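Breakdown of the fold
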Amino acid sequence: FTSDHGEMLGDHGLGGKGCRFYEGAVRVPFIISLPGRFEQGVVAEGLTGLTDLAPTIAELTELPRVKSHGHSLVPILTGTSDPESNHRYVRCEYYDTLDMQAPNGTGDRRETWGTMYRDERWKLIVHHSLGIGELYDLDNDPDEFENLWDAESTKSIRQNICLESFNASIQRVDSGPPLIGRY
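So, here is what we can say about the structure in this document. Per chain, residues are indexed from 1 in the order of the written sequence. Only residues with pLDDT of 70 or above have their local features reported here, since the model is predicted, and side-chain atom pairs are shown and tallied only from 80 upward, although totals for entire chains, interfaces and linings are computed over all residues. Hydrogens and water molecules were not included; the side-chain quantities draw on all heavy atoms of the structure.

Here a strand is any run of E in DSSP of at least two residues, a helix any run of H or I of at least four, and the numbering for each starts at the N terminus. The helix and strand tally for the protein chain stands at 4 helices and 4 strands. Shown N-terminal to C-terminal, the secondary structure of the protein chain runs as helices and strands in the order α-α-α-β-β-β-β-α. Taking the principal axes of the C-alpha coordinates as reference, the protein chain spans close to 55 × 50 × 35 Å. A burial count over the protein chain gives 31% of its 183 residues as buried. Type-normalised accessible area, obtained with a 1.4 Å probe on protein chains alone, sets the label of each residue: buried when under 20%, exposed when over 50%, and partly exposed for intermediate values.

It is worth spelling out the pattern of salt bridges at this point. For this analysis, a salt bridge means a side-chain nitrogen from Lys or Arg found within 4 Å of a carboxyl oxygen belonging to Asp or Glu. In this structure the tally under the stated criterion is 9 salt bridges. Across the pair arginine 121 and aspartate 137 runs a salt bridge, and its minimum N-O distance is 2.8 Å. Separated by 16 residues along the polypeptide, arginine 121 in the loop between β2 (113–119) and β3 (122–127) and aspartate 137 in strand β4 (residues 132–137) bring together distant segments of the chain. Via salt bridges that share partners, Glu23, Arg27, Glu45, Arg118, Lys123 and Glu144 belong to a single interconnected network.

Residues enter a patch when their relative accessible area is above 30% and they make no salt bridge; the linking distance is 9 Å between like charges and 5 Å between nonpolar side chains (Val, Leu, Ile, Met, Phe, Trp, Tyr). Per-residue and other accessible areas follow the Shrake-Rupley method at a 1.4 Å probe size, with only the shown protein chains counted as cover for residues. Taken together, the side chains of Leu163, Phe166, Ile170 and Val173 make up a nonpolar region of the molecular surface, amounting to roughly 400 Å² of accessible area. Tracing the chain through its elements places isoleucine 170 in helix α4 (residues 155–172). Look at isoleucine 170 and you get partly exposed, because its relative accessible area is 48%.

A word on the pairing of β2. Counting buried positions along β2 yields 6 of 7 residues, so the element is predominantly enclosed. Strand pairing is assigned whenever DSSP identifies at least 2 bridges connecting the two strands. Pairing of strand β1 (residues 89–95) with β2 involves 7 bridges; the strand directions are antiparallel. Looking at the pairing, glutamate 93 lines up with threonine 115 of β2. As judged from the 5 bridges shared by β2 and β3, these two strands associate in the antiparallel manner. Considered in β3, the bridge of glycine 114 is made with histidine 127. Where β2 folds back onto β3 in an antiparallel hairpin, the turn is made up of 2 residues.

Mapped onto the fold, glycine 176 is located in the segment after α4. Overall, glycine 176 belongs to the partly exposed group, its relative accessible area being 37%. Measuring from C-alpha to C-alpha, the distance between glycine 176 and cysteine 19 comes to 30 Å, with 157 residues separating the pair along the chain.

Looking now at the sheet that holds β4. What holds strands together in a sheet is hydrogen bonding between their backbones, with the strands either parallel or antiparallel. Strand order in the open sheet formed by 4 strands is β1-β2-β3-β4, with antiparallel pairing between adjacent strands. Across the chains shown, the open sheet's two edge strands, defined by having one partner strand only, are β1 and β4. Across the sheet, the mean angle from the axis of one strand to that of its neighbour is 10 degrees, orientation sign disregarded. Together, β1, β2, β3 and β4 form the strand contacts of α4, whose direction differs from that of β3 by roughly 70 degrees. Axes, fitted as lines to C-alpha atoms, cover a helix only where it is in contact. Angles between the N-to-C directions of the axes lie from 0 to 180 degrees. Note on contacts: a residue pair is in contact if any heavy atoms of the two residues lie within 4.5 Å.

Quick look at unusual backbone geometry now. You will see that glutamate 62, though not glycine, has its phi angle at about 60 degrees, which is positive. Residue position: glutamate 62 is located in the loop between α2 (53–60) and α3 (74–77). Residue class for glutamate 62 comes out exposed when judged on its relative accessible area of 73%.

Function cannot be read off these values alone, since they describe shape.
In structure tokens form, the structure reads like this:
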């Protein structure tokens, strides 16, 4: 049992899935059961993503592994791996994140793109075409009410996480077929 997104259900005054990266929208349930094969009652709070589904299903069905950024969850589900250490970070992307003309704006519509990079403690959200963002310390602000994006005290943290997010994005790009020559 899983979903492709959560619902805000009034959190932060929002309803539906929307274009935000709050935990209510991006932290979705994932329940999997295979009696006799998986440990019962395992609750894993570690970071996982929808990209983990295909490798997990491939391993369970003994299909060849395809190129994927996900990790098989079978080691966690069978109790042979730490359930809290699947990924060091997770990323989300959303296109057309903020409709700059909604609900009754006039003039040209401005497209926006957003990415989220989340590790165990920090969540960084960048609205790329607008030059604005959000930074949350999830240890001290799990409900995401204190945006630290502009805080001087977290400037170096924001810069480091922006670099990590950029690196993660570049590492996920399909580099095409293998090179067969020098150039």
